[in-house]
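Residues per chain, in single letters:
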Amino acid sequence: MKKTNYRPVALLVLAALLASVPFTGCGKKKDMSMKMNEPRNIHGVISYKRSFGDLNETHLKAARAVGIAPLASREEAEAMTGKLAHITTNELYAVDSLTHSIPYLTYGAAALLDSIGSNFLDSLASKGLNPNKVIVTSVLRTQSDVKRLRRRNLNATSNSAHSYATTFDISWKRFQKVEDPDGRPMQDVSADTLKLVLSEVLRDLKKADECYVKYELKQGCFHITSRK
């Protein structure tokens, strides 16, 4: 008898069923890992200098209006309980190792810093990027801090908005990656991308009359003064 090449109907049905079932092996894990760090809707600002060009005089005027009187020493700042907020690294931002300033702000400036940190994390999440915290690099400077800074940096001004506890600097070069609580490895996000997202956050707060912002190129930071 002549043999006929054919597949049994049962095998054909089984093959069709298998083809319709989604594969749930390693490929799924790869797809899940690729959901983050696929940035979307990141525009930044047209120009850092043009968008954040508030001059020192503008910062000083706002600082004098809502800030404290300049302090002679760190001891005076520490004694101002109830008037100044002590800021430390938390879930919204990181405070750098401060060498020429101390971690105190008016309550209005501390609230602004909270908003920046929170808005930045929310924006990263909405754009599909892993969480990172902004790093605060300079805060309140007493008169003694200013003197020490000027001995190190001759270009440092003796009349700074930092003296009024309304002003702080946030790095645009460095950010602190938030580690996954379960210890899973997370992809890095470039500092350039994070800078773009941060610029959008600051632009929106500036437009809402919450702050003044100066783009500091040499210092690698955004110089920010609260208006409230």
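Residues numbered from 1 in each chain as written. Predicted model: local features only at pLDDT ≥ 70, side-chain atom pairs only at ≥ 80, totals over all residues. Heavy atoms only, no water.

## Things to note about the confidence of the model for the protein
Move 1: The predicted model of the protein averages 85 in pLDDT, with 81% of residues at 70 or higher.
Move 2: Confidence drops under a pLDDT of 50 for residues 1-34, and excluding neighbours within four residues, the segment shows 3 contacts in the predicted structure. (pLDDT = per-residue confidence, 0-100. Contact = heavy atoms within 4.5 Å.)

## Digging into the nonpolar core
Soluble, globular proteins show a tendency: their nonpolar side chains are buried together.
Move 1: Counting 37 residues, the largest nonpolar core has Ile 116, Phe 120, Phe 168, Leu 198, Phe 222 and Ile 224 as its most contacted members.
Move 2: At the level of secondary structure, the elements contributing two or more residues to this core comprise strand 2 (93-95), helix 6 (107-126), strand 4 (132-138), strand 5 (167-177), helix 8 (191-207), strand 6 (211-216) and strand 7 (221-226).
Move 3: It is helix 6 that provides the largest number of residues to this core, a total of 8 residues.
Move 4: Setting aside anything within four residues of it in sequence, one finds Phe 168 in contact with Leu 105, Ala 109, Leu 112, Leu 113, Ile 116, Val 136, Ser 138, Val 139, His 162, Phe 222, His 223 and Ile 224.
Move 5: Of all hydrophobic cores here, the second largest spans 9 residues; its members include Ala 77, Met 80, Leu 84 and Ile 102. (Core = buried A, V, L, I, M, F, W, Y, C linked by side-chain atoms within 4.5 Å. Buried < 20%, exposed > 50% of the residue type's maximum accessible area, 1.4 Å probe, protein only. Helix = DSSP H or I, 4+ residues; strand = E, 2+ residues; numbered from the N terminus.)

## Notes on the environment of Ser 73
Move 1: Looking at the element boundaries, Ser 73 is found in the loop between helix 4 (56-66) and helix 5 (74-78).
Move 2: When the C-alpha positions of Ser 73 and Gln 143 are compared, they lie 6.5 Å apart, and in sequence the two are 70 residues distant.
Move 3: Apart from residues lying up to four places away in sequence, Ser 73 is in contact with Thr 142 and Ser 144.
Move 4: Within the local environment of Ser 73, its side chain forms a polar contact with the side chain of Glu 75, the two groups lying 3.3 Å apart. (Polar contact = N/O pair within 3.5 Å; in protein donor to acceptor, adjacent residues only side chain to side chain.)

## Structural notes on the pattern of salt bridges
Move 1: Applying the stated criterion across every chain, the model contains 9 salt bridges.
Move 2: In this structure, the salt-bridge partner of Arg 184 is Asp 180, at a minimum N-O distance of 3.2 Å.
Move 3: Asp 180 gets classed as buried once you look at its relative accessible area, which sits at 17%. (Salt bridge = Lys/Arg side-chain N within 4 Å of Asp/Glu carboxyl O.)

## Here's the deal with helix 8
Move 1: Counted at 1.5 Å a residue, the expected span for helix 8 with its 17 residues is 24 Å, and the 24 Å between its end C-alpha atoms agrees.
Move 2: Close packing links the buried residues of helix 8 with helix 3 (48-51), helix 6, strand 4, strand 5, strand 6 and strand 7.
Move 3: Of the residues trailing helix 8, Asp 209 is marked for its positive phi of about 60 degrees. (Expected span 1.5 Å × (residues − 1).)

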